[in-house]
Amino acid sequence: QVQLVESGGGLVQAGGSLRLSCAASGGTTFCVTIIGWYRQAPGKQRELVADISREGKSDYTDAVKGRFTISRDKAKNTVYLQMNSLKPEDTATYYCNAETIFYGLEFWGKGNLVTVSS
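Residues numbered from 1 in each chain as written. Predicted model: local features only at pLDDT ≥ 70, side-chain atom pairs only at ≥ 80, totals over all residues. Heavy atoms only, no water.

## Some words on the sheet that holds strand E7 (residues 68-73)
Spatially, the four strands line up as an open sheet ordered E1-E3-E8-E7, and their pairing is antiparallel. Sheet topology places strand E1 (3-7) and E7 at the edges, where each strand pairs with a single neighbour. Direction aside, the axes of adjacent strands within the sheet are offset by 15° on average. Both E7 and strand E8 (residues 78-83) contribute to a ladder of six bridges, which runs antiparallel. The residue of E8 that forms the bridge with Arg72 is Val79. (Pairing = 2+ DSSP bridges. Helix = DSSP H or I, 4+ residues; strand = E, 2+ residues; numbered from the N terminus. Axes fitted to C-alpha atoms, helices over the stretch in contact; angles between N-to-C directions.)

## Regarding the environment of Lys57
Summarising the element assignment, Lys57 is placed in the loop between strand E5 (47-53) and strand E6 (58-60). Residue Lys57 is classed as exposed on the basis of its relative accessible area of 59%. The spacing of Lys57 and Val2 is 55 residues in sequence and 21 Å in space, taken between C-alpha atoms. Apart from residues lying up to four places away in sequence, Lys57 is in contact with Asp51 and Ile52. (Buried < 20%, exposed > 50% of the residue type's maximum accessible area, 1.4 Å probe, protein only. Contact = heavy atoms within 4.5 Å.)

Here is the structure:
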(Lines give C-alpha, C1' and ligand atoms only; values in the text may rest on other atoms or scores of the structure.)
Protein backbone atom coordinates (compact mmCIF):
# COMPACT_ATOMS: atom_id res chain seq x y z
CA GLN A 1 0.00 0.00 0.00
CA VAL A 2 1.03 3.59 -0.67
CA GLN A 3 -0.52 6.48 1.18
CA LEU A 4 -0.51 9.88 -0.49
CA VAL A 5 -1.13 13.02 1.52
CA GLU A 6 -1.57 16.30 -0.32
CA SER A 7 -1.15 19.74 1.17
CA GLY A 8 -0.72 23.33 0.09
CA GLY A 9 -4.01 24.20 -1.54
CA GLY A 10 -6.13 27.21 -0.74
CA LEU A 11 -7.45 30.48 -2.06
CA VAL A 12 -5.29 32.80 -4.13
CA GLN A 13 -5.88 35.75 -6.41
CA ALA A 14 -5.30 35.49 -10.13
CA GLY A 15 -1.62 35.92 -10.91
CA GLY A 16 -0.60 34.47 -7.57
CA SER A 17 1.28 31.30 -6.70
CA LEU A 18 0.75 28.17 -4.66
CA ARG A 19 2.84 25.09 -4.05
CA LEU A 20 1.22 21.71 -3.63
CA SER A 21 2.97 18.85 -1.90
CA CYS A 22 2.31 15.13 -2.15
CA ALA A 23 3.99 13.02 0.50
CA ALA A 24 4.12 9.28 -0.14
CA SER A 25 4.44 6.73 2.61
CA GLY A 26 3.92 3.03 3.12
CA GLY A 27 5.81 -0.15 2.72
CA THR A 28 5.60 -0.30 -1.05
CA THR A 29 6.73 3.18 -2.08
CA PHE A 30 9.67 1.53 -3.82
CA CYS A 31 7.17 0.24 -6.38
CA VAL A 32 6.11 3.73 -7.43
CA THR A 33 7.22 4.69 -10.94
CA ILE A 34 5.40 7.88 -11.82
CA ILE A 35 3.70 10.44 -9.62
CA GLY A 36 1.27 12.81 -11.20
CA TRP A 37 -0.98 15.68 -10.33
CA TYR A 38 -4.51 15.58 -11.68
CA ARG A 39 -7.25 18.12 -11.28
CA GLN A 40 -10.99 18.09 -11.50
CA ALA A 41 -13.11 21.19 -11.79
CA PRO A 42 -16.83 21.11 -11.00
CA GLY A 43 -18.75 19.51 -13.83
CA LYS A 44 -15.60 18.49 -15.68
CA GLN A 45 -13.61 15.32 -16.07
CA ARG A 46 -10.44 14.73 -14.13
CA GLU A 47 -7.39 15.65 -16.18
CA LEU A 48 -3.68 15.10 -15.88
CA VAL A 49 -1.82 18.32 -15.10
CA ALA A 50 1.76 17.12 -14.77
CA ASP A 51 3.70 14.02 -13.90
CA ILE A 52 7.25 13.03 -13.08
CA SER A 53 9.01 9.69 -13.30
CA ARG A 54 11.41 8.35 -10.71
CA GLU A 55 14.17 9.14 -13.20
CA GLY A 56 13.07 12.78 -13.05
CA LYS A 57 11.44 13.06 -16.46
CA SER A 58 8.48 15.44 -16.31
CA ASP A 59 5.57 16.18 -18.58
CA TYR A 60 2.85 18.83 -18.56
CA THR A 61 -0.49 19.46 -20.12
CA ASP A 62 -0.41 22.38 -22.54
CA ALA A 63 -2.62 24.57 -20.36
CA VAL A 64 0.00 24.80 -17.60
CA LYS A 65 3.27 24.72 -19.53
CA GLY A 66 5.49 27.61 -18.54
CA ARG A 67 3.46 28.28 -15.38
CA PHE A 68 3.63 25.05 -13.36
CA THR A 69 6.69 23.09 -12.34
CA ILE A 70 6.69 19.57 -10.95
CA SER A 71 9.62 18.35 -8.90
CA ARG A 72 10.52 15.37 -6.77
CA ASP A 73 12.49 15.01 -3.53
CA LYS A 74 13.39 11.34 -3.37
CA ALA A 75 14.80 11.57 0.14
CA LYS A 76 11.48 12.86 1.44
CA ASN A 77 9.30 10.76 -0.90
CA THR A 78 7.57 13.99 -1.80
CA VAL A 79 6.49 15.50 -5.08
CA TYR A 80 5.79 19.21 -5.44
CA LEU A 81 3.74 21.20 -7.90
CA GLN A 82 4.77 24.84 -8.02
CA MET A 83 1.96 26.81 -9.60
CA ASN A 84 2.67 30.35 -10.76
CA SER A 85 0.63 32.90 -12.69
CA LEU A 86 -2.53 31.17 -11.56
CA LYS A 87 -5.72 31.77 -13.49
CA PRO A 88 -9.36 31.35 -12.45
CA GLU A 89 -9.58 28.38 -14.81
CA ASP A 90 -7.00 26.61 -12.66
CA THR A 91 -9.62 26.36 -9.94
CA ALA A 92 -10.14 22.68 -9.17
CA THR A 93 -9.53 19.92 -6.71
CA TYR A 94 -6.01 18.67 -7.27
CA TYR A 95 -5.23 15.00 -6.73
CA CYS A 96 -1.93 13.23 -6.39
CA ASN A 97 -1.61 9.90 -8.15
CA ALA A 98 1.06 7.22 -7.93
CA GLU A 99 1.53 4.58 -10.57
CA THR A 100 3.45 1.45 -9.72
CA ILE A 101 5.43 -1.25 -11.44
CA PHE A 102 2.37 -3.50 -11.14
CA TYR A 103 0.01 -3.11 -14.08
CA GLY A 104 -3.23 -1.45 -13.02
CA LEU A 105 -2.13 -0.79 -9.45
CA GLU A 106 -2.21 2.88 -8.61
CA PHE A 107 -2.98 5.04 -5.61
CA TRP A 108 -4.75 8.35 -5.15
CA GLY A 109 -4.66 11.07 -2.56
CA LYS A 110 -7.85 12.55 -1.16
CA GLY A 111 -7.56 15.79 -3.07
CA ASN A 112 -6.74 19.36 -2.24
CA LEU A 113 -8.88 22.32 -3.31
CA VAL A 114 -7.27 25.21 -5.17
CA THR A 115 -9.41 28.28 -5.75
CA VAL A 116 -8.20 31.16 -7.90
CA SER A 117 -10.25 34.33 -7.66
CA SER A 118 -10.41 36.87 -10.46
